[in-house]
There are 4 protein chains.
Amino acid sequence: MVIVMAPGASDEETDAVVSIVAKAGGSAFISRGVSRTIVGLVGDIDRFQTLGLDGKPGVAEVLRVSVPYKLVSRENHPTRSVIRVGGVPIGPGTMTLIAGPCAVETPQQTLAAARMAQRAGAALLRGGAYKPRTSPYAFQGLGEDGLRILADVREAVGMPVVTEVVDAHDVPLVSRYADMLQVGTRNMQNFALLQAVGGCGKPVLLKRGLNATIEEWLMAAEYVAQRGNLDIVLCERGIRTFDTTTRNTLDISAVPVAQGLTHLPVIIDPSHSGGRRELVLPLSRAAMAVGADGLIIDVHPAPEEALCDGPQALVADDLAELAHAVRAFPPMIGRQLAAAASLVA
Amino acid sequence: MVIVMAPGASDEETDAVVSIVAKAGGSAFISRGVSRTIVGLVGDIDRFQTLGLDGKPGVAEVLRVSVPYKLVSRENHPTRSVIRVGGVPIGPGTMTLIAGPCAVETPQQTLAAARMAQRAGAALLRGGAYKPRTSPYAFQGLGEDGLRILADVREAVGMPVVTEVVDAHDVPLVSRYADMLQVGTRNMQNFALLQAVGGCGKPVLLKRGLNATIEEWLMAAEYVAQRGNLDIVLCERGIRTFDTTTRNTLDISAVPVAQGLTHLPVIIDPSHSGGRRELVLPLSRAAMAVGADGLIIDVHPAPEEALCDGPQALVADDLAELAHAVRAFPPMIGRQLAAAASLVA
Amino acid sequence: MVIVMAPGASDEETDAVVSIVAKAGGSAFISRGVSRTIVGLVGDIDRFQTLGLDGKPGVAEVLRVSVPYKLVSRENHPTRSVIRVGGVPIGPGTMTLIAGPCAVETPQQTLAAARMAQRAGAALLRGGAYKPRTSPYAFQGLGEDGLRILADVREAVGMPVVTEVVDAHDVPLVSRYADMLQVGTRNMQNFALLQAVGGCGKPVLLKRGLNATIEEWLMAAEYVAQRGNLDIVLCERGIRTFDTTTRNTLDISAVPVAQGLTHLPVIIDPSHSGGRRELVLPLSRAAMAVGADGLIIDVHPAPEEALCDGPQALVADDLAELAHAVRAFPPMIGRQLAAAASLVA
Amino acid sequence: MVIVMAPGASDEETDAVVSIVAKAGGSAFISRGVSRTIVGLVGDIDRFQTLGLDGKPGVAEVLRVSVPYKLVSRENHPTRSVIRVGGVPIGPGTMTLIAGPCAVETPQQTLAAARMAQRAGAALLRGGAYKPRTSPYAFQGLGEDGLRILADVREAVGMPVVTEVVDAHDVPLVSRYADMLQVGTRNMQNFALLQAVGGCGKPVLLKRGLNATIEEWLMAAEYVAQRGNLDIVLCERGIRTFDTTTRNTLDISAVPVAQGLTHLPVIIDPSHSGGRRELVLPLSRAAMAVGADGLIIDVHPAPEEALCDGPQALVADDLAELAHAVRAFPPMIGRQLAAAASLVA
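As a convention, each chain's residues are numbered from 1 in the sequence order in which they are written. As they are written, the chains are lettered A onward and the ligands numbered 1 onward, keeping that order. Residues qualify for local features only when their pLDDT is at least 70, as the model is predicted, and side-chain atom pairs are given and counted only at 80 or more; totals for whole chains, interfaces and linings, by contrast, use all residues. To get the side-chain values, all heavy atoms of the structure are used, and hydrogens and water are removed first.

(A) Highlighting the overall build of chain A. For the purposes of this entry, the term helix denotes a DSSP run of H or I that reaches at least four residues, the term strand denotes a run of E that reaches at least two, and both are numbered from the N terminus. Across its full length, chain A carries 12 helices and 15 strands. A radius of gyration in this sense is built from C-alpha atoms; the matching globule rule multiplies 2.2 Å by the number of residues raised to 0.38. Taken over the C-alpha trace, chain A has a radius of gyration of 21 Å; the compact-globule value for 345 residues is 20 Å, and the two agree within 12%. Along the three orthogonal principal directions, the C-alpha set of chain A runs to about 65 × 45 × 40 Å. Looking at the 345 residues of chain A, the share that counts as buried comes to 64%. All accessible-area figures derive from a Shrake-Rupley calculation using a 1.4 Å probe, and residue coverage is judged against the displayed protein chains alone. Summed over all atoms, the accessible surface of chain A reaches about 11200 Å², with 50% contributed by carbon and sulfur. Using a 1.4 Å probe on the protein chains alone, a residue whose accessible area is under 20% of its type maximum counts as buried, one over 50% counts as exposed, and one in between counts as partly exposed.

Here it is in structure tokens:
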């Protein structure tokens, strides 16, 4: 059982709830988030239900949920959520294109990629300043210099920025620059990081782990939610299977399945799943047709010089086709392309 | 190196080729198919190229192909093939809907399912008379009685029939009734069966094995082709991965990847990959958007009474939506729904 | 529910059972095997239990088993079985080494490999006359010529022979030459083949499919058993996973898990799972330590010239170490190396 | 190319190396570890080899390694390493048993488990104070209180302690209490954590990720090594595959494969791979027979009350059999059980 305290609830009100539960033989643990406090109860649920907790001062909601992911489940929240990133919506009704370079390399490259993204219809800019790499000898990203470049390019083009954070203790720094924080596939079960972004006050893009079941993915989102942050977007980006023809195997069924289980938006990354430029467009079309709430795509002005994942970045020639597809497909299933933030504001 | 003999080539002409190769220190093996004879050469390929084989009587083509699947590769056959089943095309330009019951149970159920399929836009009727089942105690299909029902329903509704064959020695029998023979996922590497359907003179629907790489799938098609039958349609139907949320994981990327490697058409089975009714429509839309050459879908008039795979069969209420989707999506990528055979003829 | 008829039961006695079940609203299907007849019942099990079937003439056993694999389950057969192949035991108490060439190529090579196997402690000779190969252009085995070579070598060295059959209709032929028939990994769900070997009157070595769950493997064994043949040995030979460092991933836990579920013996093939010579000895030691009832190992007098799977064949230098291990390890867990057949007789 | 500086090398000497490389058009990055400084070079390796770097002051070794894991590879370090944990060796020649409770719950439970471990032959005590759990509502460990309990029990029983760290910023704290730091399977690619333990001055136990290839596992070890810490022990603990009969699939081949690629010791965790008590002993025997340098096993005085992973913990009755096996099997392959630390000191 999970108790969600009202936004303005006092510490005393929360403590009173904990005390009632303790007297009933249960234990309660408190997660104070930026916007709300969550109290998780462990013990005799049937007994707790007799305690009248939903009438106590400061209590907003008492959730009894049968699935292990309480706050992100659709059980108590049948309406699918819309998450806003710098004013840009991600959720039902829209299809939001996020695009940009895999890694921020230079101001020029980042700006060029952002303009490419914008021409294709992107409303949000992606770009990595911290790159988790399999090898310690590979390019690890520009760090804070990269964040500054992203912030400058946001000014120039008017697109809110999504960027990855790889260390819990970088969360405050990255939050100062970014509009949305990404937790990457290798960190999906880095619980310290999940809890840190849960308290950052910014929306979170949570990529599915390479070998995570859908339930584990939702449990990872629950770690973020439990710290009071429900502005979470899930991203399917390919799973690891026996077949190595593609970099990873895009689990396209994960979109309707996850959308049935959680109220959070679910988007697809066709670039990292396919790992090859020529697959990005077909997989993007499939993602829109299956009902994904958005797409996140690598673009690069000169992929052959890219410091990271060049072979999967779209180039200028591909953009016209992408621009066409992101306008043509969403209406087929009752959605429209999310407008760029500059237009929104 | 592979030598394709001309349709009317005599045995003497084939033997002459074998003899030339043998004198050059190589070995040749002959596959006599229904419509053509294939001679595979093993040995010093560079030497064989000096023998002037392509000028010998009866030789239609000499193929030197770098990939291990010679006849089905796009290397020597860049144009994608159109396969015709009882007059209905499967290939680029069209999107062909195949639908019907998982298993043939009764004449009434089969006819009702066929009419449902036809209303949804299906041009071909599927239905199983021989069912490969994990348990020897499960319903194994009606056998020849089922084939007769299918033939009767074909008469009644004017749809050519696709049905599975599970034993090499049933191939002649099944060929008498069916317009297209299906090789199921468990039999993808049943080489005796592949060779038998290679000689049957009817088009073949080859499902991908649950754990087959794309190369192994194409090699299985090569077994069929090598017996002289190039009327093969490949069908992606989900692979087995660590995630058991869905029955299998639809590998949607396999469509563009395989279409890049082979000239054969590639279709998708959204029913068996998802294993759940509510996933069939989203996955069908994704399949059409990614560029699949067709769909094969389970429908049943009363799934709760189905003897096989009821939970994934579409019911009457779903059909209007499917009927809309199969007309709306193909034009988005320059295709049109393949017309029913009765209209074709 | 499954009814096992006594060895000498008449057709009339079997028909009487079927009739009783039919009157009670159930349906029964009969599998007539070489040594016994099995009647499977489908319908209201609780009702069937009131019919007194176990007292009817000709009925040996009435099995009500909760798992889907009835005849091979340990539920009604807690004692683990010993299967005899030409007099050589495979089962608890012993550790049986089966060795020989992957493929039979020539009489000389087969004889040399058999002598190598025997020196290492092998009691049974393996060797393939029919080779299921991914490519139709690869060496497919010598067929009946290979079977004759195996039979001659058996005469010469006194080792019973295990060999693969790939087509249901070759079963009578292969049964004339072999002491045990192997069903390979790609054919684990070739149900026609399973039923054919179920009626062959010879013991069967059933390899686990590359992606088969343990339950599916036992269900495949049930197909054989249902035709009256319970002389089945299961063989774990590696499964397909994301990791391609080894050819396949040996699932060593499958041995104790399967031995807990079925009374049939379970052996390990370290050659095909590892795919590399240097892994065969460590994996063989692990297999014996985990409690496998046997090992099946590739040996070849000149692996660099082998027509099939040379890189994994043990050579003469490895044999002394293998010979030592197969004598030293089994006693550690209360077993002894199964003696060669010539000594048994 | 990687340059390992001598233990006492000055910053000026390191800077001089960097400067030489920069003049030759390359770039160098410095990792200052506790015991040594590593300089990684990126650029024209052939050119670097002409610079006489191995003769420069302060340079201990210049490694040119073809594989991507430079410092942990066997290429330049053919002798397998022995890592010492509080005086207890892990490496070739010995088989080291690590045992203890999955989670530290109370002083009594931890002491009881430690005594069980010791009786079974364990030289090192395992126990978790920080537990990474799939659910945020599950028991997360006692934190520093747990570390204090472990330290007290170490005093009482004389066994050095291995414990997990889940957050990079807890590394200094955990290092004060533990003799060896464990990085868990979910954190294998938490690069911030890997780098932190690389600088902690204590040996590291690095578990393989659930879906990590062997190369990725060695690259993770390289992250630790690059920070100057080569006291790393690798632990295979089961991978995720399609088969869910066991909790995970123990990849036993990973031991000889990894031992061939790296000089670091490789141990096996049979408790977490099998996930069931009755598999622990057979898998332990297999692990020793395949040549693992050690075992890490869960024991618990009362598993039915365990807060974490009770079903896989060995109980008192199993210990005699384990105690026998860890003494009997290692000598079979030329090893002996590593003696407890109290005897070592």
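(B) Highlighting the domain arrangement of chain A. Residues and elements named next belong to chain A. If you check the domain split of chain A, you get domain 1 (2-63) and domain 2 (83-344). Each of domain 1 and domain 2 has a C-alpha centre, and the two are 35 Å apart. The criterion used for residue contact is that any of the two residues' heavy atoms lie within 4.5 Å. Between domain 1 and domain 2, the residue contacts involve eight residues of the former and eight residues of the latter. Once two parts are joined, some of their accessible surface, as seen by a 1.4 Å probe, is lost; buried area is that loss totalled over both. When domain 1 packs against domain 2, close to 580 Å² is buried across both sides, 53% of that on carbon and sulfur atoms. Three residues stand out in domain 1 for area buried against domain 2, namely Ser31, Val34 and Arg36, and they jointly supply 58% of the buried area on that side. Just to be clear on terms, a salt bridge is a Lys or Arg side-chain nitrogen sitting within 4 Å of an Asp or Glu carboxyl oxygen. Viewed at the interface, domain 2 and domain 1 are joined by zero salt bridges. Two N or O atoms count as a polar contact when they lie within 3.5 Å, although within protein this holds only if one can serve as hydrogen donor and the other as acceptor, and sequence-adjacent residues are included solely when both atoms are side-chain atoms. Counting across the interface, domain 1 meets domain 2 through zero residue pairs in polar contact (both at pLDDT 80 or more). How far each domain reaches was decided by an automatic or database domain assignment.

(C) Molecular detail of the environment of Leu261 of chain A. Residue and element names in this part refer to chain A. Along the polypeptide, Leu261 turns up in helix α8 (residues 254-261). Residues Leu261 and Leu41, 220 residues apart in the sequence, show an inter-C-alpha distance of 22 Å. Setting aside chain neighbours within four positions, we find Leu261 in contact with Tyr69, Val72, Ser73, Arg74, Ile214 and Leu218.

(D) Geometry of the interface of chain A and chain B. Facing 32 residues of chain A, the contacting portion of chain B comprises 32 residues. Taken together, the links from chain A to chain B amount to two salt bridges. A salt bridge links Arg208 of chain B to Asp243 of chain A; the nearest nitrogen and oxygen atoms lie 2.7 Å apart. Run the count over chain A and chain B and you get two residue pairs in polar contact (both at pLDDT 80 or more). For the side of chain A that touches chain B, the secondary-structure elements that each account for two or more residues are α8 and α10 (277-290) of chain A. No other element matches the seven residues that α10 of chain A contributes to the side of chain A that touches chain B.

(E) Representation of the UniProt feature "domain: DAHP synthetase I/KDSA" (unreviewed entry) in chain A within the structure. UniProt positions are given in the numbering used here, feature names are shortened, and annotations may be inferred rather than shown by experiment. Mapped onto the present numbering, the UniProt feature "domain: DAHP synthetase I/KDSA" (unreviewed entry) falls at residues 87-326 of chain A. Across residues 87-326 of chain A one finds 39% helix and 16% strand; the C-alpha atoms that close the span lie 19 Å apart.

(F) Here's a closer look at helix α10 (residues 277-290) of chain C. All names here are of chain C. Helix length check: α10 (14 residues) gives 21 Å between terminal C-alpha atoms against 20 Å at 1.5 Å per residue, within 8%. A large share of α10 lies buried, amounting to 12 of its 14 residues. Looking at α10, one finds that the buried residues are Leu279, Val280, Leu281, Pro282, Leu283, Ser284, Arg285, Ala286, Ala287, Met288, Ala289 and Val290. Positive phi appears at Gly291, one or two residues downstream of α10, with a value of about 105°. The span you would expect from a helix comes to 1.5 Å times its residue count less one.

(G) Structural context of the sheet that holds strand β3 (residues 37-42) of chain C. Residues and elements named next belong to chain C. Between any two strands, pairing holds if DSSP finds at least two bridges. Taken in spatial order, the four strands of this open sheet run β2-β3-β1-β4, and their pairing is antiparallel. Edge positions in the sheet fall to β2 (27-32) and β4 (59-63), since each has one partner strand and no second. Each neighbouring strand pair of the sheet contributes to a mean axis angle of 20°, computed without reference to strand direction. Of the strand pairs in this sheet, β2 and β3 are connected by six bridges, and their pairing is antiparallel. Note that in β3 the partner of Ser27 across the bridge is Val42. What counts as an axis is a line fitted to C-alpha atoms, over the stretch in contact for a helix, and the angles between N-to-C directions run from 0 to 180 degrees. Across the face of the sheet, helix α1 (residues 11-23) comes into contact with β1 (2-5), β2, β3 and β4 while running at roughly 160° to β2.

(H) Just the relation of the copies chain A and chain B, in detail. You can overlay chain A on chain B at an RMSD of 0.0 Å; the transform is a turn of 180° with a shift of 0.0 Å along its axis. When the rotation and shift are considered jointly, the pair of chain copies conforms to a two-fold rotation axis. Across chain A, the rotation axis passes nearest the C-alpha of Ala286 of chain A, at a separation of 2.1 Å. Comparing contact sets, 100% of the residues at the interface of chain A also lie at the interface in chain B, consistent with an isologous, same-surface contact. For the least-squares superposition of copies, only C-alpha atoms count, and only for residues with pLDDT at least 70 in both.

(I) Focus on empty space enclosed by the protein. A cavity here means a set of points on a 1 Å grid, drawn over the protein atoms and nothing else, where a 1.4 Å probe fits but cannot get out; a pocket is an open set with protein on both sides within 12 Å along at least five of seven lines, and a residue lines either one if it has an atom within 4 Å of a point. Grid points are joined across faces, edges and corners, and a volume is the space filled by probe spheres set on the points. By the definition in use, this model includes seven cavities of 30 Å³ or more. Of the volumes computed, that of the largest cavity is approximately 310 Å³. Thr185, Arg186 and Asn211 of chain A together with Arg186 and Asn211 of chain D are the residues nearest the centre of the largest cavity, which is lined by 19 residues in total. Only Asp, Glu, Lys and Arg are considered charged, only Ala, Val, Leu, Ile, Met, Phe, Trp, Tyr, Cys and Pro nonpolar, and every remaining residue, Gly among them, polar. Among the residues making up the lining of the largest cavity, the classes are represented as six nonpolar, eight polar and five charged.

(J) How the structure looks around the packing of helix α7 (residues 214-226) of chain D against helix α8 (residues 254-261) of chain D. All names here are of chain D. Running from amino to carboxyl end, α7 crosses α8 at an angle of 50°, the nearest separation of the two axes being 11 Å. As far as their axial angle goes, α8 and α7 are oblique. Our pair here, α7 against α8, has a crossing hand that is right-handed. For the pair α7 and α8, contact is made by Ile214, Trp217 and Leu218 and by Ala254, Val257, Ala258 and Leu261, respectively. Residues of the contact of α7 with α8, tallied by class, amount to seven nonpolar, no polar and no charged. Note on terminology: angles under 35 degrees are roughly parallel, angles over 145 are roughly antiparallel, angles of 65 to 115 are roughly perpendicular, and the others are oblique. Throughout, a crossing is termed right-handed when the near helix is turned clockwise from the far one, and left-handed when it is turned anticlockwise from it by less than a right angle.

(K) View of the layout of surface pockets. In this structure, the largest pocket occupies an estimated 970 Å³ of space. As for the largest pocket, its lining consists of 50 residues, and the residues nearest its centre are Thr185, Arg186, Leu210 and Arg240 of chain B together with Gln189 of chain C. When the residues that make up the lining of the largest pocket are grouped by side-chain class, the tally is 12 nonpolar, 22 polar and 16 charged.

(L) Broad picture of the sheet that holds strand β2 (residues 27-32) of chain D. Residue and element names in this part refer to chain D. The strand order across the open sheet formed by four strands is β2-β3-β1-β4, and the pairing between neighbours is antiparallel. Only two strands of the sheet have a single neighbouring strand rather than two, namely β2 and β4 (59-63). Each adjacent strand pair in this sheet contributes to an overall mean axis angle of 20°, direction not counted. Docked against the sheet, helix α1 (residues 11-23) engages β1 (2-5), β2, β3 (37-42) and β4, running at close to 160° with respect to β2.

(M) The environment of Ala225 of chain A, seen in detail. Residue and element names in this part refer to chain A. For Ala225, the position within the fold is in helix α7 (residues 214-226). The class of Ala225 is buried, set by a relative accessible area of 1%. Sequence separation of Ala225 and Gly33 is 192 residues, and the distance between their C-alpha atoms is 8.7 Å. Setting aside residues up to four positions removed in sequence, Ala225 forms contacts with Ile38, Leu71, Val72, Leu230 and Ile232.

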